[in-house]
Structure formats: structure tokens, C-alpha cells
Amino acid sequence: DARVTQTPRHKVTEMGQEVTMRCQPILGHNTVFWYRQTMMQGLELLAYFRNRAPLDDSGMPKDRFSAEMPDATLATLKIQPSEPRDSAVYFCASGIRTGGAGTGELFFGEGSRLTVL
Amino acid sequence: GNSVTQMEGPVTLSEEAFLTINCTYTATGYPSLFWYVQYPGEGLQLLLKATKADDKGSNKGFEATYRKETTSFHLEKGSVQVSDSAVYFCALRQKTSYDKVIFGPGTSLSVIP
């Protein structure tokens, strides 16, 4: 059963520490999204990759967040240094973008719950 | 820019009641529209979708019709169950080269026996 895998599922860290979250998209999917979910802001788009190239990272605080896809099976989201306001659930989602219209369904991982003390 | 608006929650219903969750959108052109559902402690999963005007998406007793004239995609179910308790997200995706997915704020639904 193909699914998006995220690690870690839970992370508690101290302010100022580096945090790296990883995502393995579904094999064959060519689009990857990173979302952040909080009670106050809902789902915020942080970054969008297609064929491993970043198309949009305007939702990320550039001074501390970075997102990469070193290969087709791995996407990473890094926060350095972390702050308490970064506490949230971070979701990775993957899908298929075809040359035509495409219906664009996304498949979500179970999320990484980050707590920054 | 593109946006999705949903009715405010939380919504509390008795089992077997009729459900409507309103969703309206702003977008250029004719995007694909989706409803996703999130159960506690899980990621979002697709509930139903529609790709063009007048399409009706349906799944697990839920339905939504793509209304171009009112730019709406309201979610309905005739008889809710306790197991339908979850957060529901309306979303759109442009059919252009830049096709990021935009989500609404979500509507929390609680169904009580």
C-alpha cells in the first residue's frame, strides 16, 4: 500500500537547535508539498517542488527555514535555529502533475509534530 | 490571488442529521476542487473531487457539486454518523503550469450519538 512516509513523527527540542524533518514521497509522484498546520493559522503552504525543483517557497521564513529534494525519494525541511513559534505539525504531501489538466489529488503523510521549548 | 473560504466551525450534529459545510472559492479560470478529511492524529486524505463545472463528486455518502456560477463547492451528507467526526478541508488546484493547492481553514465536525 503506497503511502507518504514522514520522520520523525514527534520531536521535542530546545530553542536554537536545528531540526530536520524528512519525507519519502510515493514512488512515481513528481510533486511534493510541505505544509505547516497550527490551530491559529490552519494549513500554510511552506514549499512546493516539482520534479525535484523548487517552484514556490514563498511561505517559508527564509532566514531560518530551508527545503530541499536531494533525490526523488527524499524531501527535507530544515529549521535552523528553531524558535517556540515554530511549534506545529508539519505535513508532507505528494502527487502527480501531468502535462494536461490533471486532477491533482495529494497524498499526505501522517505529519511531524514539532515542539520547540 | 486564489483563496478558499469555508463556514466557521465547530459544527455539532446529532447522529443521522443532515450535514452541509459551505465552501466558496476565488480563482482565475476553472480550478479542480477537492474536499479532504482529517481524522484526529492523522494526515489529510481525499474525500471527493470535481474537475469541471457541474461535476458532482461523491464518496462514502458525501457529495459536492462544482458550481461555477456561484464559485461554490458545498459538502453535503444526508445522514451523518459518529465516525464522520473529523475536520473537513475544501481545496482548489489551478490547472495551469503553476498549480499549487490552496486549502480553506477547515471545519471541525462533531457528531454525537
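Above this text you will find the structure in question.
Residues numbered from 1 in each chain as written. Chains lettered and ligands numbered in written order. Predicted model: local features only at pLDDT ≥ 70, side-chain atom pairs only at ≥ 80, totals over all residues. Heavy atoms only, no water.

### Topic: the nonpolar core
The nonpolar side chains of a soluble globular protein tend to be buried with one another.
Step number 1: Core analysis: the biggest nonpolar cluster contains 26 residues, and W35, L47, L48, F73, L75 and Y88 of chain B have the highest contact counts within it.
Step number 2: Of all the secondary-structure elements, those providing two or more residues to this core are β2 (11-14), β3 (19-21), β4 (23-26), β5 (32-38), β6 (44-50), β8 (62-65), β10 (86-93) and β12 (107-112) of chain B.
Step number 3: The biggest single contributor to this core is β10 of chain B, with 4 residues.
Step number 4: Ignoring any residue separated from it by four or fewer positions in sequence, one finds Y88 of chain B in contact with Q6, I21, W35, Y36, V37, L47, F62, L75, G106, T107 and L109 of chain B.
Step number 5: Listed in part, the 22 residues of the second largest apolar core include V19, M21, F65 and A88 of chain A. (Core = buried A, V, L, I, M, F, W, Y, C linked by side-chain atoms within 4.5 Å. Buried < 20%, exposed > 50% of the residue type's maximum accessible area, 1.4 Å probe, protein only. Helix = DSSP H or I, 4+ residues; strand = E, 2+ residues; numbered from the N terminus. Contact = heavy atoms within 4.5 Å.)

### Concerning the interface of chain A and chain B
Step number 1: Taken residue by residue, the interface counts 22 residues in chain A and 21 residues in chain B.
Step number 2: Where chain A abuts chain B, roughly 1,800 Å² becomes buried across the two surfaces, and 53% of that area is made up of carbon and sulfur atoms.
Step number 3: Summed over the shared surface of chain A and chain B, the number is 1 salt bridge.
Step number 4: Across the chain A-chain B interface, the total number found is 4 residue pairs in polar contact (both at pLDDT 80 or more).
Step number 5: Where the side of chain A that touches chain B is concerned, the elements lending two or more residues are β4 (31-38), β5 (42-50), β6 (53-56) and β10 (106-108) of chain A.
Step number 6: Among the residues making up the side of chain A that touches chain B, the classes are represented as 10 nonpolar, 6 polar and 6 charged. (Buried area = accessible area lost by both parts, 1.4 Å probe. Salt bridge = Lys/Arg side-chain N within 4 Å of Asp/Glu carboxyl O. Polar contact = N/O pair within 3.5 Å; in protein donor to acceptor, adjacent residues only side chain to side chain. Nonpolar A, V, L, I, M, F, W, Y, C, P; charged D, E, K, R; others polar.)

### Looking at the layout of surface pockets
Step number 1: In this structure, the largest pocket occupies an estimated 690 Å³ of space.
Step number 2: For the largest pocket, the lining is made up of 32 residues, of which Q37, T38 and M39 of chain A together with Q38 and V87 of chain B are closest to its centre.
Step number 3: Among the secondary structure elements, those contributing two or more residues to the lining of the largest pocket are β4, β9 (88-95) and β11 (112-116) of chain A together with β10 and β12 of chain B.
Step number 4: The residue makeup of the lining of the largest pocket, split by class, is 12 nonpolar, 15 polar and 5 charged.
Step number 5: One number sums up the size of the second largest pocket: a volume of about 470 Å³.
Step number 6: Looking at the second largest pocket, it is lined by 19 residues, and the ones nearest its centre are R3, V4, F108, G109 and E110 of chain A.
Step number 7: Put simply, the parts of the chain that give the lining of the second largest pocket at least two residues each are β1 (5-7) and β10 of chain A together with β6 of chain B. (1 Å grid on protein atoms, 1.4 Å probe; cavity = no way out; pocket = protein on both sides within 12 Å on 5 of 7 lines; lining within 4 Å. Points joined across faces, edges and corners; volume = space filled by probe spheres on them.)

### Looking at the pattern of salt bridges
Step number 1: Per the stated rule, a full pass over the model turns up 10 salt bridges over all chains.
Step number 2: A salt bridge links D86 of chain A to R64 of chain A; its shortest N-O distance comes to 2.6 Å. Remark: R64 of chain A occurs in the loop between β6 and β7 (65-71) and D86 of chain A occurs in the loop between β8 (74-79) and β9; sequence separation between them is 22 residues.
Step number 3: Judged by its relative accessible area of 7%, R64 of chain A falls in the buried class.
Step number 4: Between D55 of chain B and K52 of chain B there is a salt bridge; the shortest N-O distance is 3.2 Å.
Step number 5: Among the charged side chains, a network of salt bridges with common partners joins R64, E83, R85 and D86 of chain A.

### Quick notes on the sheet that holds β3 of chain B
In a beta sheet, neighbouring strands are held together by backbone hydrogen bonds and run either parallel or antiparallel to one another.
Residue and element names in this part refer to chain B.
Step number 1: Read across the open sheet, the 4 strands follow the order β3-β9-β8-β7; overall the sheet is antiparallel. Single-partner strands in this sheet number two, and they are β3 and β7 (56-59). With direction set aside, neighbouring strand axes in the sheet form an average angle of 15°.
Step number 2: Where β8 meets strand β9 (residues 75-77), 3 bridges bridge the pair, whose relative direction is antiparallel. What sits directly across from A64, in β9, is L75. (Pairing = 2+ DSSP bridges. Axes fitted to C-alpha atoms, helices over the stretch in contact; angles between N-to-C directions.)

### Let's talk about the packing of aromatic side chains
Residue and element names in this part refer to chain B.
Step number 1: Taken as a whole, this structure holds 12 aromatic pairs over all chains when the rule is applied.
Step number 2: Residues F34 and Y36 carry aromatic rings whose centres are separated by 6.0 Å and whose planes lie at 40° to one another, so their mutual orientation is tilted.
Step number 3: For Y36, a relative accessible area of 0% gives the class buried.
Step number 4: With 6.4 Å between their ring centres and 90° between their planes, F89 and F103 make a pair best called edge-to-face. (Phe/Tyr/Trp six-rings, centres within 6.5 Å; stacked < 30°, edge-to-face > 60°.)

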